[in-house]
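Structural overview
What follows is each chain in one-letter form.
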Amino acid sequence: MKVSIKVNGVQYEKDVEPRTLLAYFLREDCGLTGTHVGCDTSSCGCCVVVMDGDRAVKACTMFAAQADGHEILTVEGLAQGGALHPLQQAFWDQHGLQCGYCTPGMLMTSYALLKHKPNPSDGEIREELAGNLCRCTGYNNIVKAVRQAAETLQAAPATK
Amino acid sequence: MIPAAFDYRRAGSADDAFAQLQKLGGDARVLAGGQSLIPAMRFRLARPSVLVDINGVAELDYITMNGALTLGAIARDSAVERASWIGERGWSLIHDVSRVVADPVVRQMGTVVGSLCHNDPSGDWPAVALAARAEMVVRGKDGQRTVPIDQFLVDSFTTAVQEGEMALAVRFPAPDDRTAGSYQKVERKVGDYATAAAAVQVSLNADGTVRGAGIALSSAGPCAVRVTDAEALLKGQTPTADLIRAAGEAAAKQSDPQADLRGSVEYKKNLAGVLVSRGLRQALARLGVQS
Ligand SMILES: Cc1cc2nc3c(=O)[nH]c(=O)nc-3n(C[C@H](O)[C@H](O)[C@H](O)COP(=O)(O)OP(=O)(O)OC[C@H]3O[C@@H](n4cnc5c(N)ncnc54)[C@H](O)[C@@H]3O)c2cc1C
Ligand code: FES
Ligand code: FES
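The rules we used
Residues numbered from 1 in each chain as written. Chains lettered and ligands numbered in written order. Predicted model: local features only at pLDDT ≥ 70, side-chain atom pairs only at ≥ 80, totals over all residues. Heavy atoms only, no water. Helix = DSSP H or I, 4+ residues; strand = E, 2+ residues; numbered from the N terminus. Rg over C-alpha atoms; globule rule 2.2 N^0.38 Å. Buried < 20%, exposed > 50% of the residue type's maximum accessible area, 1.4 Å probe, protein only. Areas by Shrake-Rupley, 256 points an atom, 1.4 Å probe, with all protein chains shown as cover. Lys, Arg positive; Asp, Glu negative; His and termini not counted. Charge placed at Lys NZ, Arg CZ, Asp CG, Glu CD. Contact = heavy atoms within 4.5 Å. Polar contact = N/O pair within 3.5 Å; in protein donor to acceptor, adjacent residues only side chain to side chain. Pairing = 2+ DSSP bridges. Axes fitted to C-alpha atoms, helices over the stretch in contact; angles between N-to-C directions. Buried area = accessible area lost by both parts, 1.4 Å probe. Salt bridge = Lys/Arg side-chain N within 4 Å of Asp/Glu carboxyl O. Nonpolar A, V, L, I, M, F, W, Y, C, P; charged D, E, K, R; others polar. Domains from an automatic or database assignment.

Each helix and strand in chain B was counted, giving twelve helices and 14 strands. The C-alpha atoms of chain B give a radius of gyration of 19 Å, which matches the 19 Å a tight globule of 291 residues would have. Taking the principal axes of the C-alpha coordinates as reference, chain B spans close to 55 × 45 × 30 Å. When burial is assessed residue by residue, chain B has 56% of its 291 residues classed as buried. Carbon and sulfur atoms provide 47% of the accessible area of chain B, an area that totals close to 11900 Å². When the 32 positive and 32 negative side-chain charges of chain B are each reduced to one mean point, those points stand 3 Å apart.

In structure tokens:
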């Protein structure tokens, strides 16, 4: 079937099987391998992308067909004109990653979180990221990074 | 893991979805949030030949309060969670559960009605719907009908929705201002199904005696369990510590769990009782009653 999905501002028109999962559409049909597949069983959150601006979804638990006509933001769409997005900069500054495998999902879940709650408490950050697993960092630096990004974004709300 | 091949149909309206289900027959399934169905298809535990996707049906995406609290078939867990007014108006049970189903990202897609149609014995919504005495609105050949939740939840992964039918909404009757509830869930980690969970809703008379109680368990048998013995024990009585303990004991007795990695039968039965007592104490505290 034909799908037309806007990914990071670029319209992709592709012919896919209905059973194609969004994660594989992004990685294999669009060549956007920043979206990782960790567990492939809906449990780890490393495949999270943002749909229609503010909704975090597990790309391994959604068919590409369901995203037809929608907009998807992946980790590749965060940086603008060579400058890291405040979330990415904050993960760098706060050492919010080690191996980096979980990072795209952490970033995209945090991105959607900050759209809904621009000034979350540490507790709220922990709650919202509870479905995203990280085997390396112990989470503390991830929470610090999201706090830093929240502060940066609030100081300069023009950044997306 | 890739699901077996299937045909995909996008419904434009509730009527369209129903017409397609009628035409396609037994092998077609509704695709709501997909958070149970897609994992099952990936593991090839489910192999529907056609999916009728209702995610784009705007008329099914609503939460209304009009006497009853009604959630349309595509109202997401996350939408219920964000509607903080739900907890404020006496549906504390529903507000509670909306924060502990699955994980926050799954809740962005997962729907309340989809969860009830799935009827997983370890799911959270079936027990809540029993305690709150919900009704389901089902569309069938002869039009719409309302099905009380006790009749809707037939058995593990089986409901009163027949071939070619679909659920349109779930309705939670309005609690009065002397009603409160509580959802108590013990899980190994966020995103895990309950080791044990208790849904409790209590209504008091003006003199402080119990007018009615709804008490149900998840992960306590092949289907969510209504704890009829505890409900009967409480009715007409003034809640005391002893009564609450007795209600918990009745729940432990009626609980019929299976041993698995989450715990032994003995542990789960005991936990079910503890969670019912804890839920009752919290519901009463929300009504300003210390017990
Ligand atoms: C990692 C993870 C953790 C989870 N943890 C929990 C948990 O702790 N507790 C819990 O309760 N759930 C949990 N779930 C399940 C989740 O809450 C699902 O969203 C929910 O069970 C099903 O809702 P859905 O909208 O996704 O339905 P779908 O997956 O789309 O559908 C489920 C079934 O119901 C049928 N169906 C759906 N809507 C209708 C309708 N309107 N009419 C007729 N049939 C219909 C479908 O055909 C399908 O058979 C978890 C899921 C995941 C992926
Ligand atoms: S790969 Fe999607 S949740 Fe793990
Ligand atoms: S940085 Fe390695 S899994 Fe999170």
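From this point, things continue past the structure.
Attention now moves to the overall build of chain A. For chain A, the helix and strand inventory stands at five helices and five strands. Its helices and strands taken in sequence order, chain A reads β-β-α-β-β-β-α-α-α-α from the N to the C terminus. Compactness check: chain A gives a C-alpha radius of gyration of 15 Å against a globular reference of 15 Å for 160 residues, within 12% of the reference. Projected onto its principal axes, the C-alpha positions of chain A cover 45 × 35 × 25 Å. Residues counted as buried form 55% of the 160 residues belonging to chain A. Long-range pairs, those at least 24 residues apart, make up 59% of the contacts in chain A with a sequence separation of at least 6. Roughly 6800 Å² of accessible area belongs to chain A as shown, and the carbon and sulfur atoms make up 49% of that amount. Separation between the mean location of the 14 positive side-chain charges and that of the 17 negative ones in chain A comes to 3 Å.

The next thing to look at is the side chain of glutamine 88 of chain A. Residues and elements named next belong to chain A. By the element assignment, glutamine 88 lies in helix H2 (residues 86–93). Owing to a relative accessible area of 14%, glutamine 88 belongs among the buried residues under this scheme. At 3.5 Å, the side chain of glutamine 88 and the backbone nitrogen of alanine 79 are in polar contact. In this view, glutamine 88 contacts Val75, Leu78, Ala79 and Leu107; residues no more than four positions away in its chain are not counted.

A few words on the sheet that holds strand E7 (residues 143–148) of chain B. All names here are of chain B. With antiparallel pairing, five strands are arranged side by side in an open sheet as E4-E5-E10-E6-E7. Where the open sheet ends on each side, the last strands, each with one partner, are strand E4 (63–66) and E7. Averaged over neighbouring strand pairs, the angle between their axes works out to 25° when direction is ignored. Here E4 pairs with strand E5 (residues 68–72) via four bridges, running antiparallel. Its bridge partner lying in E5, isoleucine 63 is registered against leucine 71. The strands touched by helix H1 (residues 14–24) within the sheet are strand E6 (135–140) and strand E10 (166–172), with E10 carrying the most contacts at an inclination of about 130°.

Moving on: the interface of chain B and chain A. Opposite the 32 residues of chain B that make contact, chain A presents 29 residues. With both chains or domains summed, chain B and chain A bury close to 2400 Å², and 59% of this area falls on carbon and sulfur atoms. At the junction of chain B with chain A, the criterion picks out three salt bridges. Here glutamate 127 of chain A ties to arginine 99 of chain B by a salt bridge, and the two come within 3.0 Å at their closest N and O atoms. For the pair chain B and chain A, the number of links is eleven residue pairs in polar contact (both at pLDDT 80 or more). In terms of residue count, helix H2 (residues 37–42) of chain B provides more of the side of chain B that touches chain A than any other element does, four residues in total. Considering only residue class, the side of chain B that touches chain A consists of 19 nonpolar, four polar and nine charged.

This brings us to the domain arrangement of chain A. Residue and element names in this part refer to chain A. When its domains are assigned, chain A resolves into domain 1 (2–77) and domain 2 (86–155). Here the C-alpha centre of domain 2 lies 21 Å away from the C-alpha centre of domain 1. Counting residues at the interface gives 19 residues for domain 1, matched by 16 residues for domain 2. Both faces considered, domain 1 and domain 2 share a buried interface measuring about 1300 Å² in area, 63% of it formed by carbon and sulfur atoms. Contact with domain 2 buries area across many residues of domain 1, yet His36, Asp54 and Val75 alone supply 34% of it, more than any other trio. Elements supplying a minimum of two residues to the side of domain 1 that touches domain 2: strand E3 (48–51) and strand E4 (55–58). Here the side of domain 1 that touches domain 2 is composed, by residue class, of nine nonpolar, seven polar and three charged.

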